[in-house]
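As a plain string of letters, each chain reads:
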Amino acid sequence: MPVVSRRDVLFSGLAFSASAALVPRAWARAQSALDAIADQTSSALAPREKLLFDFGWKFQLGDGHTPAKDLDFGNDQGSFAKTGDFKFSTKHFDDTKWRTLDLPHDWAVELPFVWDDDQMSHGYKPIGRRYPETSVGWYRRAFEVPASDEGRRIRIEFDGAFRSALVFVNGCFIGRNDNGYAPFGFDITDFLHFGQKNYIVVRMDASFGDGWFYEGAGLYRHVWLVKHDPLHLGQWESYIRTEVAGKTATLSLGTVVENIGDKAESARVRWEIKDAAGKTVATAESTPQSVEVDGKTTFTASAKIANPELWSPETPTLYSAIVTVEANGKARDAERVPFGVRTIKFDVDKGFFLNGQSVKIKGTCNHQDHAGVGAALPDRLQYFRIGVLKEMGSNGVRTSHNMPTPEWVEACDRMGMLMMCETRQMSSNPEALEQLSIMIKRYRNSPSVIVWSMGNEEWYLQKDVSGEHVIATMVRRSHELDPTRQCTAAVNGSYGTGISKGLDIEGFNYNLKSPDDYHKKHPTQPCLGSETASALSTRGEYFTDKIRNVMSAYDTNKPGWGETAEEWWKFYGTREWLAGGFAWTGFDYRGEPTPYGWPSISSQFGIVDTCGYPKDTYFYYKAWWGKDPVLHLFPHWNFEGKEGVEIPVWVHSNLDSVELFVNGQSQGSKPIEHLGHAEWKVKYAPGTIEARGTKDGKVVLTEKRETVGKPVTLKLSAERTTIDADGEDIAILRAEVLDEQGRHVPTANFQLKFKVTGAGKLIGVGNGDPNCHESDNGPERSLYNGLAQIIVQATKTPGQIAIEASSNDDQIKPAGATLTITTQQATLRPAVPETSEDYEPEKDN
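Note that the coordinates shown come from a computational prediction; the quantities given were computed from them, not determined experimentally. (Residues numbered from 1 in each chain as written. Predicted model: local features only at pLDDT ≥ 70, side-chain atom pairs only at ≥ 80, totals over all residues. Heavy atoms only, no water.)

S.K.: Tell me what's going on with the overall build of the chain, and back it up with residues and numbers.
M.R.: Each helix and strand in the chain was counted, giving 10 helices and 47 strands. Taking 2.2 N^0.38 as the reference for a compact globule, 845 residues should give roughly 28 Å; the C-alpha atoms of the chain span a radius of gyration of 27 Å, in line with that estimate. Once the C-alpha set of the chain is aligned to its principal axes, its extents read approximately 90 × 65 × 55 Å. For the chain, buried positions account for 62% of its 845 residues. With an accessible surface of roughly 31,800 Å², the chain has 48% of that area assigned to carbon and sulfur atoms. Treating the 93 positive side-chain charges of the chain as one cloud and the 112 negative ones as another, the clouds have centres 3 Å apart. (Helix = DSSP H or I, 4+ residues; strand = E, 2+ residues; numbered from the N terminus. Rg over C-alpha atoms; globule rule 2.2 N^0.38 Å. Buried < 20%, exposed > 50% of the residue type's maximum accessible area, 1.4 Å probe, protein only. Areas by Shrake-Rupley, 256 points an atom, 1.4 Å probe, with all protein chains shown as cover. Lys, Arg positive; Asp, Glu negative; His and termini not counted. Charge placed at Lys NZ, Arg CZ, Asp CG, Glu CD.)

Here is the structure:
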């Protein structure tokens, strides 16, 4: 029988009193993590410079079919080898009509939705071969390189771009890149005009994708300009491997020094190890060696840390290594490499161990998009998302299904979140091995990464003998680059054949019937749930309605291949030998609108919606993954027109028992089964439902839901009313509506209009509605079941951002609400200065 998976189908009455507190706590976690490393954010150290290249770009859509609409690019099939011929990257090109924007930028999220079922899995956006007029984008930027930089090497580096990039500088073709997730870069030194203005152009083509989900389009990750000495540290070549014995950590240190100068050099490398407070706790020095012209030399050393502070989700302590290469008594290059000290082990019988302690992985899978901004997330939003998941009790994430953005990994390192880090392409071809190698080199010093994933659900390789060979090659490369971690993959069938034979750890996608039998037949191979659940729900909906394309928020809905939250966790949470698992998914995401098609444009698998607003199942996980007492009662109690209709009433709790009252009348007390929930069926009548939770015979928690009145007042709130004036920081606002008694109205769905003025700008809006076709750019957005989200970003000028929300609904008195965000003076990241264009029409010869 063929395996059926999520990929085969491609075609909250939430208690606001409870959910409202979650976002501020998520931000508090994020803010604490960011403040702790505020003075250690740059990986580059003098004499190296790493400049943010995000501000002041020009952008225009091109055309993948008609050269005349694509800057005449390719009109004559001109050769890339012909230098100086690309006038669009010179001063003789007029871009004054192009749009000015800052990076990261995803142009796909700005496009309208189209009813084309071939685009269903990608969120119904007009991107692809059949949409040439919206699948190509051009980015252009003028920049200056001072004359004092002559003698240094200058690189342009991209953290990732979707998808096919062509890079031009000063009329010359520089290079290309053809994947959407791995970083890439080019040495542009020879093409620069030092002491003058220079011009860079990037043509991005998103006609082809890497995955079957929403992937965005454009320069959606950071871009950097890096300046370093010809004798320099190799990119991502520095590693710090830690071993802990007793009260001592031994560090194995290594790096590679490259020489692209004109003479051989004798060099040595020094390491200075600093603790979280910046105190030097160890030093090391390599033996001097010669680095030949156009050569690379490996340098190694070791050091010890006494009484190290171990990294864990509860105490995510980070150290840093200052790595410096010296020649002739002078520092020629340096970098800061954050790392953590910790031990990991996957035991075949006892599961996963961190620092010698048994830890069950309580994880979620996540794609990289968010409401309002698509794939182009500001850095702070990465921390916010981790905070939402940690508040639920989660301790792990899987980077589905690609190499993650650096800020997501950094957030996990700093906030304490275990990571299954996954490469996009499961293959041993040169491109795939290079992507795998880059991922491992870049993130092997991150303590959050506990296992490398070779990929996801490659059905042919799972069952064919070629899969065994492919995985063997990938695992071998992984172990060469990082002997401290094991390898797994997300496998959804043909267990024990193909790729399973070469994995250190077997990963299971769904199918709860397979792990027990597999464990018996393969008693030496550890196991984990690489992808589980796929439970379906819509925030604030309590009746599944196929006409409206919504699913009830009760934990009862699942596709044919999946499990409910309770089903999968009762399985994984009670088997000691299973390391734990990763639920599909933490956040709703664009595309894959299972179980419906159009007009649904996003998934309904998430434990939280696309904005990060929790669905009710969030509190199931919080009860059984977290440490605090939990009592969550749902649904809301506003069901006008359903008087006398039987309504399921559920409670997620980890207490001993819960008694339910409806309008003061007891409906009986029910025990809370371990890893379970309690439920009643109640005929609806307006009024109040109340749950009283008992522990050791005493009522310790109560929660109520009331029938609230009509919406009369808009409210805007933000967990942070002061942000940094750095051009990057954001505030996330919550829009809601209250009744005349000031109570949240969970059924409000009317449209709002937003206006942002002052020292900031609106960069995105959302509401978590999987069927909403309103623009993510605003300025309008409807409330969905009582909530909407607004994301504003600060400029670099301190001041105030005024956000106004208004409605045309006659019931709202007054007609709007306002909120002010203060932007404070902040230290800006080193960045490439913005410069004005000096367009000069080309003279006829």
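S.K.: Mind laying out the pattern of salt bridges, listing which residues take part and the relevant values?
M.R.: Using the criterion set out here, one finds 57 salt bridges in the structure. Arg-130 is the salt-bridge partner of Asp-116, the closest N and O atoms lying 2.8 Å from each other. Note that Asp-116 is positioned in the loop between β4 (99-101) and β5 (136-145) and Arg-130 in the loop between β4 and β5, a separation of 14 residues in sequence. With a closest N to O distance of 3.3 Å, Glu-272 and Lys-274 form a salt bridge. Given a relative accessible area of 21%, Lys-274 falls into the partly exposed group. When salt bridges with common partners are traced through the structure, they connect Glu-49, Asp-149, Arg-152 and Lys-227 into a single cluster. (Salt bridge = Lys/Arg side-chain N within 4 Å of Asp/Glu carboxyl O.)

S.K.: Tell me about the environment of Lys-796, residues and numbers included.
M.R.: One can find Lys-796 in the loop between β45 (788-794) and β46 (799-806). Lys-796 gets classed as partly exposed once you look at its relative accessible area, which sits at 32%. Linking Lys-796 and Asp-726, residues 70 residues apart in sequence, is a C-alpha distance of 4.5 Å. Apart from the residues lying within four places of it in its own chain, the contact partners of Lys-796 are Phe-55, Ala-725, Asp-726, Gly-727, Leu-828 and Glu-834. (Contact = heavy atoms within 4.5 Å.)

S.K.: I'd like to hear about the sheet that holds strand β7 (residues 164-169), residue by residue, with values.
M.R.: With respect to topology, six strands assemble into an open sheet ordered β4-β3-β5-β10-β7-β8, the strand pairing being antiparallel. Lying at the two open borders of the sheet, with one neighbouring strand each, are β4 and β8 (172-178). Neighbouring strand axes in the sheet, compared pairwise and without regard to direction, differ in orientation by 25° on average. Across three bridges, strand β3 (residues 57-61) lies against β4 in antiparallel orientation. When the bridges of β4 are listed, Lys-58 appears paired with Thr-100. (Pairing = 2+ DSSP bridges. Axes fitted to C-alpha atoms, helices over the stretch in contact; angles between N-to-C directions.)

S.K.: Quick one: what's the story with the packing of aromatic side chains, residue by residue and with numbers?
M.R.: A complete count under the given rule lists 44 aromatic pairs for this structure. With 4.8 Å between their ring centres and 65° between their planes, Phe-88 and Trp-138 make a pair best called edge-to-face. You can see Phe-88 sitting in the loop between β3 and β4 and its partner Trp-138 sitting in strand β5, a full 50 residues away along the chain. You can call Trp-138 buried: its relative accessible area is 0%. Measuring from ring centre to ring centre gives 5.7 Å for Trp-584 and Tyr-589, while their planes differ by 80°; the resulting arrangement is edge-to-face. Like Tyr-589, Trp-584 is buried. (Phe/Tyr/Trp six-rings, centres within 6.5 Å; stacked < 30°, edge-to-face > 60°.)

S.K.: Any details on unusual backbone geometry? Residues and values, ideally.
M.R.: Note the cis peptide between Thr-594 and Pro-595, where omega equals 5°. With respect to the helices, strands and loops of the structure, Pro-595 is situated in the loop between β31 (578-584) and α10 (618-625). Omega for the bond connecting Gly-778 with Pro-779 falls within 30 degrees of zero, at 5°, which places this linkage in the cis form. Counting through the fold element by element, Pro-779 comes out in the loop between β43 (760-766) and β44 (780-782). We note that Asn-170 has phi near 50°; this positive angle belongs to a residue other than glycine. Structurally, the position occupied by Asn-170 is in the loop between β7 and β8. Residue Asn-170 is classed as buried on the basis of its relative accessible area, which comes to 11%. Of note in the backbone geometry, Ser-494 takes a positive phi value of approximately 55° without being a glycine. One can find Ser-494 in the loop between β28 (486-490) and β29 (506-509).

S.K.: Requested: an account of the sheet that holds β29, with residues and values cited.
M.R.: Ordered in space as β28-β27-β26-β25-β24-β31-β30-β29, the eight strands form an open sheet in which the pairing is parallel. Each end of this open sheet is capped by a strand with a single partner; those strands are β28 and β29. Taken over all neighbouring pairs, the strand axes of this sheet differ in orientation by 25° on average, direction set aside. Pairing analysis gives four bridges linking strand β26 (residues 418-422) to strand β27 (residues 449-456), with the strands arranged parallel. Counterpart to Cys-421 in the pairing with β27 is Trp-452. Contacts between helix α5 (residues 430-443) and the sheet are confined to β26 and β27, with β27 contributing the most and set at about 165° to the helix. Lying over the sheet, helix α9 (residues 565-572) contacts β24 (361-366), β29, β30 (527-533) and β31, oriented at roughly 165° with respect to β31.

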